[in-house]
Amino acid sequence: ASGWITAMSSALLVAGLVASCGGRAAMTCAPGAEPPSQGESRVPMELVPSLVQAGTVASLSVQPVPDFDSSAQLIGSVSYWQCWTGSEWMDTHVLERTPGGSYRTAPLDPVTPPTIEAVAYPLPEVFTIEIPDVRTGTYRIRDYVQISPDVSVEGFVMVEVGGG
């Protein structure tokens, strides 16, 4: 089982970094642009508090994906902070976390992706995350839950960043 966890950790990390950094350097966030309604995330996620300030910490709760065996579901050591470009969601920061409470937020650089330890954690879990230094507005946090070696499910939680 630990070999599967290590393999899934590496797969989650590589897939996330490739999706986050691949060929998107020219895109920028659209300040004030209202993103479309997102519907419901396939991964149950909650951010507490729901209205946050840039540079503060919050708790990110991630629950098992319904309709799958919850005992085998894993989540990686990072989430992705996203902004709305006016036409799509774009990853701008990587949010590293551990169940023990340590955290770090780093801007994504398409030229030099961050080095992140490939670790996976069983669900459910609550992580402490740091809100990036961003403008007031609507953002979202994107995450992946690994269901099995060949199945992952993407989820998100919407985030409102208020003025200081």
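Being a predicted model, the structure only gives us computed values, none of them experimental.

### With respect to the environment of Gln-73
Moving on, step 1. By the element assignment, Gln-73 lies in the loop between β3 (57-62) and β4 (74-76).
Moving on, step 2. Measuring from C-alpha to C-alpha, the distance between Gln-73 and Ile-147 comes to 4.8 Å, with 74 residues separating the pair along the chain.
Moving on, step 3. Beyond its immediate stretch of four places on either side in the chain, Gln-73 contacts Pro-64, Val-65, Phe-68, Tyr-121, Pro-122, Leu-123, Val-145, Gln-146 and Ile-147.

### Notes on the nonpolar core
Moving on, step 1. Formed by 27 residues in total, the largest nonpolar core has its most connected members in Leu-47, Val-62, Trp-81 and Ile-141.
Moving on, step 2. Going through the elements one at a time, β1 (45-48), β3, β5 (78-84), β6 (89-97), β9 (125-130), β10 (137-148) and β11 (151-162) are the ones with two or more residues in this core.
Moving on, step 3. Look past the residues within four positions of Ile-141 in its chain and what remains in contact with it is Met-45, Leu-47, Leu-60, Ser-79, Tyr-80, Trp-81, Leu-95, Ile-129, Gly-155, Phe-156, Val-157 and Val-159.
Moving on, step 4. Grouped together as the second largest cluster of nonpolar side chains are 6 residues, Tyr-80, Ala-106, Leu-108 and Ile-116 included.

### Here we look at the state of the cysteines
Moving on, step 1. Applying the stated criterion to the full structure yields 1 disulfide.
Moving on, step 2. A sulfur-sulfur separation of 1.7 Å characterises the disulfide bridge that pairs Cys-29 with Cys-83. One disulfide, between Cys-29 and Cys-83, carries an S-S torsion of -85 degrees and so falls in the left-handed class. With Cys-29 in the loop between α1 (2-21) and β1 and Cys-83 in strand β5, this residue pair connects regions lying 54 residues apart in the sequence.

### Describing the pairing of β11
Moving on, step 1. Note: strand β2 (residues 51-53) against β11, 3 bridges, orientation parallel. Counted as the bridge partner of Val-52 is Val-161 from β11.
Moving on, step 2. The sheet contact formed by β10 and β11 spans 11 bridges and is antiparallel. Paired with Val-145 across the strands is Val-153, a residue of β11.
Moving on, step 3. Connecting the antiparallel pair β10 and β11 is a turn made up of 2 residues.

### Quick notes on the environment of Ser-102
Moving on, step 1. Its place among the elements puts Ser-102 in the loop between β6 and β7 (103-107).
Moving on, step 2. Along the backbone, Ser-102 and Glu-130 are 28 residues apart, and their C-alpha atoms lie at a distance of 9.8 Å.
Moving on, step 3. Those residues in contact with Ser-102 that lie beyond four places of it in its chain are Glu-96, Arg-97 and Thr-128.
Moving on, step 4. For Ser-102, the side chain forms a polar contact with the side chain of Thr-98, separated by 2.8 Å.

### Some remarks on the confidence of the model for the protein
Moving on, step 1. Across the protein, pLDDT averages 83, with 83% of residues at or above 70.
Moving on, step 2. Across the protein, β2 holds the top mean pLDDT of 97, while α1 sits lowest at 45.
Moving on, step 3. This stretch, residues 4-25, has a pLDDT under 50; its non-local contacts, to residues over four places away or in other chains, come to 44 contacts.

### Some details on the packing of aromatic side chains
Centre-to-centre distance and the angle between the planes together describe a pair of aromatic rings.
Moving on, step 1. One pass over the full model with this rule turns up 3 aromatic pairs.
Moving on, step 2. Between Trp-84 and Trp-89, the aromatic rings sit 5.3 Å apart at their centres with planes inclined by 65 degrees, giving edge-to-face as the arrangement.
Moving on, step 3. Here the guanidinium or amino end of Arg-97 rests over the ring plane of Phe-127, the centre of that ring lying 4.3 Å away.
Moving on, step 4. A cation over an aromatic ring shows up here: Arg-140 above the ring of Phe-156, its NZ or CZ 4.8 Å from the ring centre.

Analysis parameters
Residues numbered from 1 in each chain as written. Predicted model: local features only at pLDDT ≥ 70, side-chain atom pairs only at ≥ 80, totals over all residues. Heavy atoms only, no water. Helix = DSSP H or I, 4+ residues; strand = E, 2+ residues; numbered from the N terminus. Contact = heavy atoms within 4.5 Å. Core = buried A, V, L, I, M, F, W, Y, C linked by side-chain atoms within 4.5 Å. Buried < 20%, exposed > 50% of the residue type's maximum accessible area, 1.4 Å probe, protein only. Disulfide = S-S within 2.5 Å. Pairing = 2+ DSSP bridges. Polar contact = N/O pair within 3.5 Å; in protein donor to acceptor, adjacent residues only side chain to side chain. pLDDT = per-residue confidence, 0-100. Phe/Tyr/Trp six-rings, centres within 6.5 Å; stacked < 30°, edge-to-face > 60°. Lys NZ or Arg CZ within 6 Å of the ring centre and 35° of its normal.

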